[in-house]
Amino acid sequence: MFGREFLLKILSLMIIVITFASGCAQWNPGTGLDRLKRWTEPSNDRDWRPEFAKTSTITRQNQVLSIRNIRNCNYLSSDDFVVDYYDRQFTVDQIQTVDFIVVPFQNAPRLAHTMMSFGLDDSSYIAVSVEVRKEVGESYSAIKGIGRQYELMYVVSDERDVIRLRTRHRDADVYVYPTIANPIQAQELFLNIAERVNKLAVDPEFYNTITNNCTTNLAGHVNEVSPNKIKYGWKVLLPGLSAKYAYDLGLLDTRIPFEDLKTLSHVNDLAEEHFDDPQFSQLIRSNHSRLERYLARQALREPTLNARGQLFLNTISKKR
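Residues numbered from 1 in each chain as written. Predicted model: local features only at pLDDT ≥ 70, side-chain atom pairs only at ≥ 80, totals over all residues. Heavy atoms only, no water.

## Considering the layout of surface pockets
Here's step 1: In this structure, the largest pocket spans a volume of roughly 890 Å³.
Here's step 2: Residue composition of the lining of the largest pocket, grouped by class: 20 nonpolar, seven polar and eight charged. (1 Å grid on protein atoms, 1.4 Å probe; cavity = no way out; pocket = protein on both sides within 12 Å on 5 of 7 lines; lining within 4 Å. Points joined across faces, edges and corners; volume = space filled by probe spheres on them. Nonpolar A, V, L, I, M, F, W, Y, C, P; charged D, E, K, R; others polar.)

Structural data, given as structure tokens:
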């Protein structure tokens, strides 16, 4: 009978009333109204941490895409960095690939942060990371994330920003999985994400640990370009399992066993070795290139073996 948003607002109001009535907070009309508004209305106008201060926009004019505010921070540590942004233009048909990036939590590997990175025909990459938009002095809490405490943000960044931050400064394992998406599918996925990037720039939303997080949003984009491909369930709710789930759905390269693909997709050593190299994105994918060369050699051998096998069968048949 009542909409979900209406019920959530009523619940938030009840929580505030109960808090004040119980003596846990001193009543101040201005403070109370501000708190109610904060809990019921997401905003793009808060005292944001520098790395979350600017939102991106992606506009399209015919086949030309213009991205404003691509983040490219230079991190000295996870909390000490130089904020930088740049703008860029390219055509839709320059988008050739999309990779699925998984960063498991150190002490809870079934939980993870997930991202996507789009490869262009000039070997550069644009990453999209769906994150909590933190305010100054604010830290992430999964529990608070259920209670409308954070806004949602799509961080559109240079791939080096989001990967090097995690491999060196957060000491997290980073896996870059190649998907099977062809260029047309990668382009459709990027354009679908671009719509949401633009929407959030003018119509903010609350992050939710369970229903509106990194993985649920990325899965939603895949389902919009390929309906019902990903079912929402515990393998999405526990994004540390999402890579294996994507593999089982045939979204990743299934030509080799998943554990082998996982090993080849782990980029930490390569990211450290090539940290300052201008060809960083290509070099951290060198294992992918070696895999392609290996499989190409196997494919060349296979017809020969098949032909020999067929020749053998034909010989046996003639003998009979």
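## Overview of helix 3 (residues 159-169)
Here's step 1: For helix 3, a buried count of eight out of 11 residues is recorded, marking the element as mostly surrounded by other parts of the structure.
Here's step 2: By the burial criterion, the buried members of helix 3 are Glu 159, Asp 161, Val 162, Ile 163, Arg 164, Leu 165, Arg 166 and Thr 167.
Here's step 3: Asp 171 sits one or two positions beyond helix 3 and adopts a positive phi of about 50°. (Buried < 20%, exposed > 50% of the residue type's maximum accessible area, 1.4 Å probe, protein only. Helix = DSSP H or I, 4+ residues; strand = E, 2+ residues; numbered from the N terminus.)

## As for the confidence of the model for the chain
Here's step 1: Overall, the predicted model of the chain reaches an average pLDDT of 85, with 80% of residues at or above 70.
Here's step 2: Contacts for the low-pLDDT stretch residues 6-29, under 50 throughout, to residues beyond four places or in other chains number 20 contacts.
Here's step 3: Predicted confidence for residues 303-320 stays below pLDDT 50, and this span has zero contacts to residues more than four positions away or in other chains. (pLDDT = per-residue confidence, 0-100. Contact = heavy atoms within 4.5 Å.)

## Description of the nonpolar core
Here's step 1: Among the nonpolar cores identified, the biggest contains 49 residues, and Phe 118, Tyr 177 and Phe 190 are the most heavily contacted of them.
Here's step 2: Ignoring sequence-local partners within four residues, the contact set of Phe 118 consists of Ile 95, Thr 97, Val 98, Ser 124, Tyr 125, Ile 126, Val 128, Ala 186, Leu 189, Phe 190 and Ile 193.
Here's step 3: The next biggest cluster of nonpolar side chains, apart from the first, holds 14 residues, and it includes Val 103, Met 115, Val 162 and Ala 172. (Core = buried A, V, L, I, M, F, W, Y, C linked by side-chain atoms within 4.5 Å.)

## Description of empty space enclosed by the protein
Here's step 1: All chains considered together, the criterion is met by three cavities of 30 Å³ or more.
Here's step 2: Sorting the residues of the lining of the largest cavity by element identifies strand 9 (151-158) and helix 4 (183-202) as the ones contributing at least two each.
Here's step 3: No other element matches the four residues that strand 9 contributes to the lining of the largest cavity.
Here's step 4: Each residue belonging to the lining of the largest cavity can be placed in one class, and the counts come to seven nonpolar, four polar and two charged.
Here's step 5: Its boundaries defined by the atoms lining it, the second largest cavity holds a volume of some 40 Å³.
Here's step 6: Glu 51, Lys 54, Ser 56, Asn 69, Arg 71, Tyr 85, Met 153, Tyr 154, Val 155 and Val 156 are the residues that line the second largest cavity.
Here's step 7: Only strand 2 (64-71) and strand 9 provide two or more residues apiece to the lining of the second largest cavity.
Here's step 8: Top element by residues in the lining of the second largest cavity is strand 9. It accounts for four residues.

## Here's the deal with the pairing of strand 2
Here's step 1: Pairing of strand 1 (residues 57-61) with strand 2 involves five bridges; the strand directions are antiparallel. The residue of strand 2 that forms the bridge with Thr 57 is Arg 68.
Here's step 2: For strand 2 and strand 5 (residues 85-91), the ladder comprises six bridges, and the chain directions are antiparallel. Paired with Val 64 across the strands is Thr 91, a residue of strand 5. (Pairing = 2+ DSSP bridges.)

## Some points on the side chain of Glu 131
Here's step 1: As for its position among the elements, Glu 131 is in strand 8 (residues 125-133).
Here's step 2: Classification of Glu 131 as buried rests on a relative accessible area of 10%.
Here's step 3: Excluding residues within four positions of it along the chain, Glu 131 makes contact with Phe 52, His 113, Glu 151, Leu 152, Met 153, Val 155 and Arg 166.

## Some words on helix 4
Here's step 1: An ideal rise of 1.5 Å per residue puts 28 Å on 20 residues; helix 4 measures up with 29 Å between its terminal C-alpha atoms.
Here's step 2: The backbone nitrogen of Ile 184 lies 3.1 Å from a side-chain oxygen of the residue at the head of helix 4, namely Asn 182. (Expected span 1.5 Å × (residues − 1). Polar contact = N/O pair within 3.5 Å; in protein donor to acceptor, adjacent residues only side chain to side chain.)

## Looking at a nonpolar patch on the surface
Here's step 1: A grouping of Ile 143, Ile 146, Ile 210, Tyr 232, Trp 234 and Leu 237 is seen on the molecular surface, where their side chains present a nonpolar patch of about 650 Å² in accessible area.
Here's step 2: Relative to the helices and strands, Leu 237 resides in helix 6 (residues 234-237).
Here's step 3: Since its relative accessible area comes to 38%, Leu 237 is described here as partly exposed. (Patch = residues over 30% accessible without salt bridge, like charges linked within 9 Å, V, L, I, M, F, W, Y side chains within 5 Å. Areas by Shrake-Rupley, 256 points an atom, 1.4 Å probe, with all protein chains shown as cover. Salt bridge = Lys/Arg side-chain N within 4 Å of Asp/Glu carboxyl O.)

## Some details on the packing of helix 4 against helix 5 (residues 214-225)
For any two helices packed against each other, one specifies the inter-axial angle together with the distance between the axes.
Here's step 1: Running from N to C, helix 4 and helix 5 cross one another at 125°; their axes reach a closest spacing of 9 Å. With respect to helix 5, the element helix 4 is oriented oblique. Of the two possible hands of crossing, helix 4 and helix 5 adopt the one that is right-handed. Along its contact with helix 4, which presents Glu 188, Leu 189, Asn 192, Ile 193 and Arg 196, the element helix 5 presents Asn 217, His 221, Val 222, Glu 224 and Val 225.
Here's step 2: Along the lines of polarity and charge, the residues of the contact of helix 4 with helix 5 split into four nonpolar, three polar and three charged. (Axes fitted to C-alpha atoms, helices over the stretch in contact; angles between N-to-C directions. Parallel < 35°, antiparallel > 145°, perpendicular 65-115°, else oblique. Left-handed = near helix turned anticlockwise from the far one by under 90°.)

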